[in-house]
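Chains, contacts and geometry: an overview
Below, each chain spelled out in residue letters.
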Amino acid sequence: MSTILDTLKEKFQAAELSLNGSVPEKLHKLRKEAMDKVLQDGLPDRKSEAYKYTDLSKTLKRFDSAPLLESAGALKEFPEALISGDNLNYLTFINGRFRGELSRVVSPAEELEVRPLADVLENDEAFFSKYYGQLADADKDAFVGLNSAFSAGGVLIHIKKNARPAAVVIRHIADNSAGEGITYSRNLCIAERFSESVITEQFSGTADHEYFRNSLSEVFVDVNAKVQWHKMQNDVAASQIDQMEVHQENASRFDLTTLTTEGKLIRNNVRIAVDGEGCETHLYGLYLINGKTHVDNQTSVDHIKPHSESNELYKGVLDERAHGVFNGKVYVRQEAQKTNAFQSNKNILLSDNATVNTKPQLEIWADDVKCSHGCTTGQLDDEALFYLRSRGLSEASARRLMLLAFAIDTMHGIDHEEIKSVFEQEVTRKLDS
């Protein structure tokens, strides 16, 4: 592991030189502090409880010598946009850098502000310092530190007070046409009080060369604000560590839907601080995977104040040699009385070689709460399958119908018709493949 750390140190020094002063000095300092923390603490391995079932050694070794993907200024061909429409805001990242000239913001400035983070730091340092890096702490995870050290082209998504802007679609494109590489991307989202917003992330590459992506989003949900966040992970060439750090104020609501259908090794870290009364938090996850795809969903919901509610529903359908991991943690602090927290993970294994490791957890320090958790792992019900076949369905059609019925309720958190339709089409495509 020390060799990988040495390589990371060399890459960081080269990346800093390549910026050639284009990033403000304060951001340089933040990047260096994050890198120093990673070098001091090292990278996680299977001895770490949080990575017990996700072996990163092969992935880290594979991309040890891979370069940071360049800005791809000449890139002209893009993967097809799965979500389209003239009434949507499009934000385009290429190799982790926000490209304003390839983006389109249709919502008025009094509803939605979109700016490169470097521009925010240069022109509004107090605002930048108030939010940037306040949730994403390298002490939580080394990959948070690596993102803080290497990401240089992040974007601010600022939803204004009382605003209901058009949905935002973030396209993360990796230009891996020249070979394997690494890319870092970052979002800072601030939803002011009484606002409502829908944000969707798509991840894709331009070629079949494998690449590694480290993505991170810091999300601040103010009083009475509502944020729906959706992620579609369906790039067969990608290994990805995706991190979400969320902070909720009084009476706010945050919904997250994560759909994973393709990829090499996918790790989703979700950490939510429910730091207000009367909050709602809803997390949905669906992983439909086969081959040797490995998907690890790690969630942490921290109830800090009373009278709030959280619900988690994660489901998996695994075939061939696929491996799924779910580790959900719900903390209820002593002050968080009258908390309702529910957590469920359900899995169907279609192959004897598919594997699931699931560990829902509750840590409760309050005595006036309603909390539950559970997990199930099994196979398709033979009796139900026989019943459907007796009604004239083929075995393939019956299996598909049962799997669709099992999976589709994880899409309930998507309250935007066009986006929900695209996600459901991706579920159908995967079940038909």
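Residues numbered from 1 in each chain as written. Predicted model: local features only at pLDDT ≥ 70, side-chain atom pairs only at ≥ 80, totals over all residues. Heavy atoms only, no water.

**Looking at the overall build of the protein chain**
Secondary structure summary: the protein chain contains nine helices and 19 strands in total. Taken against the 2.2 N^0.38 rule, which gives 22 Å for 433 residues, the C-alpha radius of gyration of the protein chain at 21 Å falls within 12% of a compact globule. Seen along its three principal axes, the alpha-carbon backbone of the protein chain occupies a region of about 70 × 50 × 50 Å. Sorting the 433 residues of the protein chain into buried and exposed places 56% on the buried side. If you take every contact in the protein chain between residues at least 6 apart in sequence, the share linking residues at least 24 apart comes to 84%. Of the roughly 18600 Å² of accessible surface on the protein chain, a fraction of 46% belongs to carbon and sulfur atoms. Here the protein chain carries 50 positive and 66 negative side-chain charges, and the mean point of each set is 2 Å from the other. (Helix = DSSP H or I, 4+ residues; strand = E, 2+ residues; numbered from the N terminus. Rg over C-alpha atoms; globule rule 2.2 N^0.38 Å. Buried < 20%, exposed > 50% of the residue type's maximum accessible area, 1.4 Å probe, protein only. Contact = heavy atoms within 4.5 Å. Areas by Shrake-Rupley, 256 points an atom, 1.4 Å probe, with all protein chains shown as cover. Lys, Arg positive; Asp, Glu negative; His and termini not counted. Charge placed at Lys NZ, Arg CZ, Asp CG, Glu CD.)

**Examining the pairing of strand β4 (residues 155-159)**
Of all five residues making up β4, five are buried, and the element is well covered by its neighbours. Burial of β4 is two-sided: the residues Val155, Ile157 and Ile159 facing one way and the residues Leu156 and His158 facing the other way are all buried. The pairing of strand β3 (residues 112-116) with β4 spans five bridges and is classified as antiparallel. By the bridge assignment, Glu113 is partnered in β4 with His158. Pairing of β4 with strand β6 (residues 181-191), which is carried by five bridges, proceeds in the parallel orientation. (Pairing = 2+ DSSP bridges.)

**Things to note about the side chain of Arg271**
Structurally, Arg271 can be placed in strand β12 (residues 265-274). Side chain to side chain, Arg271 and Glu245 meet in a polar contact 2.5 Å long. (Polar contact = N/O pair within 3.5 Å; in protein donor to acceptor, adjacent residues only side chain to side chain.)

**Overview of empty space enclosed by the protein**
Per the stated rule, a full pass over the model turns up four cavities of 30 Å³ or more. Together, 14 residues line the largest cavity, and Leu8, Leu60, Phe63, Ile182 and Tyr184 are the ones closest to its centre. Of all the elements in the fold, those that place two or more residues in the lining of the largest cavity are α1 (2-19), α3 (57-62), α6 (142-150) and β6. By residue number, the principal contributor to the lining of the largest cavity is α1, which donates four residues. For the lining of the largest cavity, the residue count by class is 10 nonpolar, two polar and two charged. (1 Å grid on protein atoms, 1.4 Å probe; cavity = no way out; pocket = protein on both sides within 12 Å on 5 of 7 lines; lining within 4 Å. Points joined across faces, edges and corners; volume = space filled by probe spheres on them. Nonpolar A, V, L, I, M, F, W, Y, C, P; charged D, E, K, R; others polar.)

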